[in-house]
Amino acid sequence: MTTNILKIEGLKVAYGGIQAVKGVDLEVNKGELITLIGANGAGKTTILKAITGTLPDCRVEGHIEYAGQPIKGLHSFELVRKKLAMVPEGRGVFTRMSIRENLLMGAFTRDDQAAIDADIEKWFGVFPRLKERSAQMAGTLSGGEQQMLAMARALMSHPELLLLDEPSMGLSPIMVEKIFEVIRTVSAQGITVLLVEQNAKLALQAANRAYVMESGLVTMQGDAQQMLNDPKVKEAYLGES
Ligand code: ATP
């Protein structure tokens, strides 16, 4: 039996007169790596923000359930306590804090210092570049390193569900590969991942299932490997025909 960790029904979001999300149903089961792909402006980021309650003042309709509980209206720090963490687009690391301090901030919901230290070492194993630079100010890191730090910081809260918004955005091809390697590692550790990505090919290669969004609606959903071979997906999102 599969159990869903996240269930969205009939989600609609309007920014003033702009209906950005027009009635979306989406389900993520425990342990899955799900990707949400689609063109710029399709509404992907808006969905993540609706889940984490980080939308600006706008109309949100529909039902969002996490771990069997409605979560609409909860603040992001309350969600982190419930083990739902998000790495936003643009990363948002604390630039004037060291890498180690950023990671400690990620553990703000915890008070098990020995386990926190052990976790920092664990994630340094996955992100060796961060270990080498642990005393360095986060603002001095490259874009890719900041993305890694933002992911490691989110992981310090022990999430069961990790939301990633465009983690490969603006990064060099080598860094993009590294980020995807880390996403696979995180998923292999049993953490459920909902990944919003522009790089549809890499996202579909990594994911179990996928949702495709166009103009505020889900237009396709299914097995990610099958989607990689779907002629419509190939033409519209993979630059193949
Ligand atoms: P991208 O990859 O460009 O981030 P996306 O699929 O994540 O695209 P959203 O960022 O969710 O799309 O945007 C969906 C629609 O909502 C777009 O038309 C966008 O212009 C609009 N929108 C997003 N944020 C706001 C806002 N704060 N105020 C007004 N309109 C917004």
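Residues numbered from 1 in each chain as written. Predicted model: local features only at pLDDT ≥ 70, side-chain atom pairs only at ≥ 80, totals over all residues. Heavy atoms only, no water.

Before going further, it helps to spend a moment on the overall build of the protein chain. Summing up its helical and strand segments, the protein chain has 10 helices and 10 strands in all. Here the C-alpha radius of gyration of the protein chain, 18 Å, is about what a compact globule of 241 residues would show, namely 18 Å. In terms of overall dimensions, the protein chain has a C-alpha envelope of 45 × 40 × 40 Å along the principal axes. Taking all 241 residues of the protein chain together, the buried fraction comes to 48%. Counting only contacts in the protein chain whose residues sit at least 6 apart along the sequence, the fraction spanning at least 24 positions is 68%. Summed over its atoms, the accessible surface of the protein chain is roughly 11,100 Å², and 50% of this surface lies on carbon and sulfur atoms. Between the centroid of the 26 positive side chains of the protein chain and the centroid of its 28 negative side chains there is a distance of 2 Å. (Helix = DSSP H or I, 4+ residues; strand = E, 2+ residues; numbered from the N terminus. Rg over C-alpha atoms; globule rule 2.2 N^0.38 Å. Buried < 20%, exposed > 50% of the residue type's maximum accessible area, 1.4 Å probe, protein only. Contact = heavy atoms within 4.5 Å. Areas by Shrake-Rupley, 256 points an atom, 1.4 Å probe, with all protein chains shown as cover. Lys, Arg positive; Asp, Glu negative; His and termini not counted. Charge placed at Lys NZ, Arg CZ, Asp CG, Glu CD.)

Let us now look at the site of the ligand. Among the 14 residues in the neighbourhood of the ligand, the closest are listed as Gly-41, Gly-43, Lys-44, Thr-45 and Thr-46. At 3.2 Å, a side-chain N or O of Glu-166 approaches an oxygen atom of the ligand. When the ligand is considered free in solution it has 640 Å² of accessible area, and contact with the protein chains removes 64% of it. Taken together, the residues that form the shell around the ligand break down as five nonpolar, six polar and three charged. (Near = heavy atom within 4 Å. Polar contact = N/O pair within 3.5 Å; in protein donor to acceptor, adjacent residues only side chain to side chain. Nonpolar A, V, L, I, M, F, W, Y, C, P; charged D, E, K, R; others polar.)

Now for the nonpolar core. Core analysis: the biggest nonpolar cluster contains 51 residues, and Phe-127, Leu-130, Leu-162, Ile-183 and Leu-204 have the highest contact counts within it. Excluding its chain neighbours within four sequence positions, the residues that come into contact with Ile-183 are Leu-33, Met-151, Leu-164, Pro-167, Val-193 and Leu-195. The next biggest cluster of nonpolar side chains, apart from the first, holds 29 residues, and it includes Ile-5, Leu-26, Ile-34 and Leu-194. (Core = buried A, V, L, I, M, F, W, Y, C linked by side-chain atoms within 4.5 Å.)

Let us look at the sheet that holds strand S5 (residues 69-70). Here we have four strands laid out as an open sheet, ordered S2-S1-S4-S5, and antiparallel in their pairing. In this open sheet, the two edge strands, each paired with only one partner strand, are strand S2 (18-29) and S5. Sheet topology note: the strand S4 (residues 59-66)/S5 ladder contains two bridges and is antiparallel. Bridge pairing links Glu-65 to Pro-70 in S5. (Pairing = 2+ DSSP bridges.)

Strand order in the open sheet formed by six strands is S6-S7-S8-S3-S9-S10, with mixed pairing between adjacent strands. Both edges of this open sheet fall to strand S6 (84-87) and strand S10 (217-223), since each of them pairs with a single strand only. Each strand of the sheet is rotated relative to its neighbour by a mean of 15°, with strand direction disregarded. By the bridge criterion, five bridges tie strand S3 (residues 33-38) to strand S8 (residues 192-197) in an arrangement that is parallel. Residue pairing for S8: Ile-37 is matched across the bridge by Glu-197. Strands in contact with helix H1 (residues 44-52) are S3, S6, strand S7 (161-165), S8 and strand S9 (209-214); relative to S7, the strand with the most contacts, it is inclined by about 145°. Where helix H6 (residues 143-155) meets the sheet, its contacts fall on S6 and S7, and the angle it forms with S6 comes to roughly 170°. (Axes fitted to C-alpha atoms, helices over the stretch in contact; angles between N-to-C directions.)

So, on to the packing of aromatic side chains. Under the counting rule described, the total for this entry stands at one aromatic pair. Seen in terms of ring centroids, Trp-123 and Phe-127 are 6.4 Å apart; in terms of plane orientation they differ by 50°. Their pairing is tilted. A relative accessible area of 2% places Trp-123 in the buried class. Residue Phe-127 is classed as buried on the basis of its relative accessible area, which comes to 0%. (Phe/Tyr/Trp six-rings, centres within 6.5 Å; stacked < 30°, edge-to-face > 60°.)

The next subject is the UniProt feature "domain: ABC transporter" (unreviewed entry) in the protein chain. Within this numbering scheme, the UniProt entry marks residues 6-240 as carrying the feature "domain: ABC transporter" (unreviewed entry). Regarding residues 6-240, the helix share stands at 38% and the strand share at 28%, and the terminal C-alpha atoms are separated by 32 Å. (UniProt positions renumbered as here; feature names shortened; annotations may be inferred.)

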